[in-house]
Structures are given as structure tokens and as C-alpha cells.
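Letter by letter, the chains look like this.
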Amino acid sequence: MRCRLLGASVGLGLAIVVSAAAQTPDQLMARCLGNDNSPPEQSLEACTAVLKLGASAPQAPAQTYYDRARVHETMKRLDLALADIDQALKLAPADATILFWQARLYQDLGKDDLALAGYAEALRADPGLNECLNRRGQIYLKAGALDLADREFAALATRSTIEAPTAALLSRGIAQLKLGKSDAALAAFALALKSEPRSPWEEATALYGSGLAHRAKGEASAGDAAIARATALDKDVSRRFEKFGLKAG
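Residues numbered from 1 in each chain as written. Predicted model: local features only at pLDDT ≥ 70, side-chain atom pairs only at ≥ 80, totals over all residues. Heavy atoms only, no water.

Caption draft 1: Inspection of the layout of surface pockets at higher detail. Taken as a whole, the largest pocket encloses approximately 490 Å³ of empty space. Along the wall of the largest pocket there are 17 residues; nearest its centre are Gln107, Gln138, Ser171, Trp201 and Phe244. Looking at the lining of the largest pocket, the elements with two or more residues in it are α6 (96–108), α8 (130–143), α10 (166–179), α12 (200–216) and α14 (237–242). At five residues, α8 tops the list of elements feeding residues into the lining of the largest pocket. (1 Å grid on protein atoms, 1.4 Å probe; cavity = no way out; pocket = protein on both sides within 12 Å on 5 of 7 lines; lining within 4 Å. Points joined across faces, edges and corners; volume = space filled by probe spheres on them. Helix = DSSP H or I, 4+ residues; strand = E, 2+ residues; numbered from the N terminus.)

Spelled out as C-alpha cells, the structure:
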């Protein structure tokens, strides 16, 4: 029985190799990118096969390392994702998108100092990478550096080339709440409520934050109504705010 199982396992492994070998470079690239709806394991196999093509690959190796890192990231294999991103940066050290993703992975791994340095480097390579501002603000907000957090969110909100992402508006509103600036918090949450599209999670967060701001201003009726609407949309919204030391009371 053991021999049969071993044989079946070897056979399966050979089938995967043969399957990858039978693909054209363009087909491998499509599978690496997940364009054929393949499971992540097959996407990883395809990315690796593309890297082995060398000069005949459909794209530069740095991009393929980046693509494989994205697959690892979706599978929650952050250390492996970071290793591939590091390889990509050895080949393309000035690529702003790859620099951003390296910083993002550092942040997801809890290495905030490295993430902050990485976002700064990514912004030097491409000042238009607005998500760097949002993510730096998130780090500052978590660390309690509220003025620094608000600076990042304010800079993002005033960039004329974009509408500020809803997430950044929500984070700015939370920072303003913690700074005791209720009117500024209400303004940020009001903009978030106008953003389209927005998820129920985002709407609940904006409503709950607005409710806290109204209460802080002594506007109990408006505050209670907003908090009730938020809780009806998302029963966990209060817990998210409690992580920032903000309670409805």
C-alpha cells in the first residue's frame, strides 16, 4: 500500500510538472497572474516556471518575482512574499510599486519602522503613490502619534489629482476625535459618507464616528441617532473604536 501511495504521489507531481511544461510562455504568465482562475498553488508553480524561462519569458524577472510575491501574500505567506519582493528589488531597485509592496509587507509583519522608511523611499520614487500617505497615517495613528497621523491624512485629502480614499477619511476622523477636534472629525466623516462606492463597514464607521463627535459637542440626540444607525449596519463597529480608546459610553 505504501508503494502505491508513493507511486500515486510521484505521479501527481509529474503530472503538475508535465502540465506546466505543456503551457506556452503566455499561458504560464496568465496562470501566474491568476487570469485563468487557477488556485494559488498553480499560480505559484506557473510563476516559478516563468522565472525559469530566462530570456524567453514574457516579462522581466523583477516583475515575475513581484507577481509571485503577490500570490504568496494572498496565501498569508508573508515571509515568502517578502523574500520574493527583495529579489525583485535587487533587479529593479527604483521601482516605486515594488518599493511600496515591500513597505506594505513590513507593516503587515509588524515592522513599522522599516515600513515607514519604505513608504518614504517609495514616495521619493513616485510622489503620486497616495496610498503611502494613508498607510503611514495608519502607523502613526496606531502608535498614538496623532498630529503626525493627521498630517498624513490631511495631505492625502488635499491632493487635487484624487478623491481621498474613504479609508483615509475615516482614519482622519478618528485622529481628530482623539485630538478632541469634534468639528474636524465630523467634516472628515461627512466626506466619507459622500464617497462612492462605500461598503457597509465604511458607512457604519463613519456614522459611529459622527455619533461620537456629536456627543462630544453636547448634541446627544444627533449622536445617539448616528450611533444607532451604525450599530444596525455593523454590530462590531463599537469594538473597532474601542481599540483606539474611543467609547460611546
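Caption draft 2: Representation of the side chain of threonine 205 in the model. Of note, threonine 205 is situated in helix α12. Given the relative accessible area of 4%, threonine 205 is considered buried. Looking at threonine 205, its side chain comes within polar contact range of the main-chain oxygen of tryptophan 201, at 2.9 Å. Sequence-distant contacts of threonine 205, defined by excluding residues within four places in its chain, comprise Leu170, Phe189, Val237, Arg240 and Phe241. (Buried < 20%, exposed > 50% of the residue type's maximum accessible area, 1.4 Å probe, protein only. Polar contact = N/O pair within 3.5 Å; in protein donor to acceptor, adjacent residues only side chain to side chain. Contact = heavy atoms within 4.5 Å.)

Caption draft 3: Local environment of the packing of helix α3 (residues 40–52) against helix α4 (residues 61–74). Between α3 and α4, the shortest axis-to-axis distance is 10 Å and the interhelical angle comes to 165°. Of the possible angle classes, the one that applies to α3 and α4 is roughly antiparallel. Relative to α4, α3 is oriented so that their crossing is left-handed. Of the residues in α4, those touching α3 at Pro40, Ser43, Leu44, Cys47, Thr48, Val50 and Leu51 are Pro61, Thr64, Tyr65, Asp67, Arg68, Val71 and His72. Here the residues of the contact of α3 with α4 sort into eight nonpolar, four polar and two charged. (Axes fitted to C-alpha atoms, helices over the stretch in contact; angles between N-to-C directions. Parallel < 35°, antiparallel > 145°, perpendicular 65-115°, else oblique. Left-handed = near helix turned anticlockwise from the far one by under 90°. Nonpolar A, V, L, I, M, F, W, Y, C, P; charged D, E, K, R; others polar.)

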